[in-house]
Amino acid sequence: MTDFQPKPEHKFTFGLWTVGNTGADPFGKAVRKALSPVEIVHLLAEVGAWGVNFHDNDLVPIDATPAQRDQIVKDFKQALKDTGIVVPMATTNLFSDPAFRDGAFTSNDPKVRAYALHKTMRAIDLGVELGAKTYVFWGGREGTETDAGKSALESGKRFAEALNFLCEYALDNQYDLKFALEAKPNEPRGDIYLPTTGAMLGFIATLDHPEMVGVNPEMAHEHMAGLNFMHAVAQAWGAGKLFHIDLNDQNYARYDQDLRFGSQNPKAAFFLVKFLEDVGYAGSRHFDAHAYRTDNLDGVKAFARGCMRTYLILKEKAAQFNADPDIQALLAQINADDGSLVQFSGKYSADKAKSLKAYEFDRVALGQRGQPYEQLDQLTIDLLLGVR
Ligand code: DIG
Ligand code: MN
Ligand code: MN
């Protein structure tokens, strides 16, 4: 039996804002003491994480002086050196400050749009300085409560213009950086533009440097949209665009809960982990989540350990699924192909279309082939519940 202990090769990461979450919510103030970035790095090392990610202002307060900024970065670098924790991803906070209350890149105020670019370039510099190779964009305020005052078409153009500018900035500075766009359907805005990973994939195709831009799907956010997270991840992977991933959990009919990974939907989490492991995803396993408001610091550590432990348990379950003779026999039966119509598969040709159109199908017989999904799914449930 595996010990389910996290190791660097598992590439588990947490944002400063995740284990640093003080339990504040729209209906109550903080319940936990704020931890410094240095304290968070040491906490992550203690629980066995590999990396730490940050928004610019998680690390350097928006009103820090240049001298304060330099000291904070110096201390942070020392903590990274002392612990071996790395920084795979960075991002910009374009949603907390009142300046962004009507969005950042899509704000109707051109001064705010310019400030958002200014802030993001400086945040990119900081991320690169600390070793980030992936840069995430979550447009938390890029949206509306009323569509009376903002053109959805113009907003899309503004978002594209900003990303084109920032891709050029990264290229101009020879940064080894990939951009990952994170979708969310709503909250804090009534409706957020580009609400799902699928929408982001379509948007990327319209950019000047699509090769530099991928997605950072988040489980909670696809669930908020009522979608199957693994399907969104599979589409991104198939398009070569899975540049990062935000793991957590989420009840479908709720605000963004950012729950401990696997704590709400272990079956959905299983199929996600199985997918990532089956395809050999080599990126960070980033837990964008936080402990319950009810918990103190010990609970925060239990939360972080739980995210990684559940991932490793499900990784072992995926290996068991792939090795289970009864499951594999059913999958062979389900995917059986007698090869009788192989001449119609693959690329189009006029002859193929002609003979396929002329082919006599026994439609009634086609409808009689059932699939043993009930049996297969029960074997999966048995596996997940530990009786197989
Ligand atoms: C929220 O899900 C968003 C922000 O926390 C951040 O911009 C991004 C990075 O994972 N996720
Ligand atoms: Mn979230
Ligand atoms: Mn996220």
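Calculation notes
- Residues numbered from 1 in each chain as written.
- Chains lettered and ligands numbered in written order.
- Predicted model: local features only at pLDDT ≥ 70, side-chain atom pairs only at ≥ 80, totals over all residues.
- Heavy atoms only, no water.
- Axes fitted to C-alpha atoms, helices over the stretch in contact; angles between N-to-C directions.
- Helix = DSSP H or I, 4+ residues; strand = E, 2+ residues; numbered from the N terminus.
- Parallel < 35°, antiparallel > 145°, perpendicular 65-115°, else oblique.
- Left-handed = near helix turned anticlockwise from the far one by under 90°.
- Contact = heavy atoms within 4.5 Å.
- Nonpolar A, V, L, I, M, F, W, Y, C, P; charged D, E, K, R; others polar.
- Core = buried A, V, L, I, M, F, W, Y, C linked by side-chain atoms within 4.5 Å.
- Buried < 20%, exposed > 50% of the residue type's maximum accessible area, 1.4 Å probe, protein only.
- Domains from an automatic or database assignment.
- Expected span 1.5 Å × (residues − 1).
- Arc of directions from axis to C-beta.
- Buried area = accessible area lost by both parts, 1.4 Å probe.

Q: Break down the packing of helix α9 (residues 229–238) against helix α10 (residues 266–279) for me, with residues and values.
A: Orientation of α9 relative to α10, taken along the N-to-C sense of each, is 20°, at an axis distance of 9 Å. The orientation of α9 with respect to α10, classified from their angle, is roughly parallel. Two packed elements cross with a definite hand, and for α9 against α10 that hand is right-handed. In this structure, α9 uses Phe229, Met230, Val233, Ala234 and Trp237 to contact α10, whose residues at the interface are Phe271, Leu272, Phe275, Leu276 and Val279. Grouping the amino acids of the contact of α9 with α10 by side-chain chemistry returns 10 nonpolar, no polar and no charged.

Q: Tell me about the nonpolar core, and name the residues and values.
A: In summary, soluble globular proteins display a tendency toward joint burial of nonpolar side chains. Counting residues in each nonpolar core, the largest one holds 93 residues, and the members touching the most others are Phe14, Leu44, Phe179 and Phe261. At 10 residues, the largest contribution of residues to this core is made by helix α11 (residues 297–323). For this core, the domains that each give at least three residues are domain 1 (8–323) and domain 2 (325–384). Among residues more than four places away in sequence, those in contact with Phe14 are Val19, Leu44, Ala49, Gly51, Val52, Asn53, His286, Phe287, Phe303, Ala304, Cys307 and Met308.

Q: Now, about helix α15 (residues 373–384): what can you tell me, with residues and values included?
A: Compared with an ideal rise of 1.5 Å per residue, which puts 12 residues at 16 Å, α15 spans 16 Å between its outermost C-alpha atoms and is within 8% of the ideal. Among all positions in α15, only Leu376, Leu379, Thr380 and Leu383 are buried. With its buried residues spanning 100° around the axis, α15 presents them on a single face. Each element contacted by the buried residues of α15 is listed here: α10, α11 and α12 (325–334). Downstream of α15 by a residue or two, Gly386 has a phi angle that is positive, lying close to 80°.

Q: Any details on the domain arrangement of the protein chain? Residues and values, ideally.
A: Partitioning the protein chain into domains gives domain 1 (8–323) and domain 2 (325–384). Computed from C-alpha atoms alone, the centre-to-centre distance between domain 1 and domain 2 is 39 Å. On the domain 2 side, the residues contacting the 9 residues of domain 1 number 9 residues. Regarding the contact of domain 1 and domain 2, the summed buried area is about 790 Å², with carbon and sulfur atoms giving 69% of it. Three residues, Lys267, Lys317 and Phe321, lead the burial of domain 1 against domain 2; their summed loss comes to 65% of the area buried on that side.

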